[in-house]
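What the coordinates show
Given next are the chains, with one letter for each unit.
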Amino acid sequence: MTFSPCSDQAPAEWITTSDEHWWSLVTLGPPGFPSYARLRFIPDPAHEGQSENEIAGQSDIPSDTAQLRLAVEALLQRPDSPAEGYVLMWDGWGEDEFPEPVLRTARVVLPHREYYLCRVSLADFASGVIEDSWQAKSNRPMPLPSFIWPSDRAWCITKDVDPHWAGVGAEQALIDQLLTEPSLDVVPVETNQKLPFYH
């Protein structure tokens, strides 16, 4: 099982039934984790009103997908990590971006966002096998998942279409592991912190 569309939306109910404000939910993820962090795909803006175009596309910055795969690989290092997980894929990428079986599933609905739910092998996601399979079935590159989490919900990575970073919720030990990962730019999220955004 590399990736498999889910007709049963139960695995996503912990997200869809959350009373968290929708913007917090789609940027930092479900509430209740002991710790949160941001995986920065590009550096935070250096000044108010800075355009993301000034930073994005620099040749020395790995792709968002490559960085997300590294983060999942790091989170899978805990001994009891389940092999299986789930992703929510934003429908706003357009139907042409999805394999036909994914489009036939019911959509997972949040305020202002709708998604397709797929079950995935987390190791295959981290290795790039899922991207290859997705492209073989759709003839398009796989869009970045909006949510990805293991079946035991020990962590959740959330990437909305707008921010230049992904939110990560997990126990402190897992966040600490990400913070020390040399290939990733991860910073903790403090309570009531004003989060940075590009103009």
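Described below are features of the structure shown in this document. Predicted, not measured: the structure shown is a model, and the values here were computed from it.

A few points about helix α3 (residues 64-75)
For α3, which comprises 12 residues, the first-to-last C-alpha distance of 17 Å matches the rise-based estimate of 16 Å (1.5 Å per residue) to within 8%. Of the residues making up α3, those classed as buried are Q67, L68, A71, V72, A74 and L75. For α3, the angular spread of the buried residues around the axis is 160 degrees, confining them to a single face. Looking at the buried residues of α3, the elements they touch are β2 (35-40), α5 (122-127), β6 (147-150), β7 (155-158) and α7 (172-179).

So, the state of the cysteines
Taken as a whole and judged by the stated rule, the model has 0 disulfides. Looking at C6, it has no disulfide partner, and the nearest cysteine sulfur is the one in C118, 6.5 Å off. Residue class for C6 comes out buried when judged on its relative accessible area of 5%.

Cut-offs and rules
Residues numbered from 1 in each chain as written. Predicted model: local features only at pLDDT ≥ 70, side-chain atom pairs only at ≥ 80, totals over all residues. Heavy atoms only, no water. Helix = DSSP H or I, 4+ residues; strand = E, 2+ residues; numbered from the N terminus. Expected span 1.5 Å × (residues − 1). Buried < 20%, exposed > 50% of the residue type's maximum accessible area, 1.4 Å probe, protein only. Arc of directions from axis to C-beta. Contact = heavy atoms within 4.5 Å. Disulfide = S-S within 2.5 Å.

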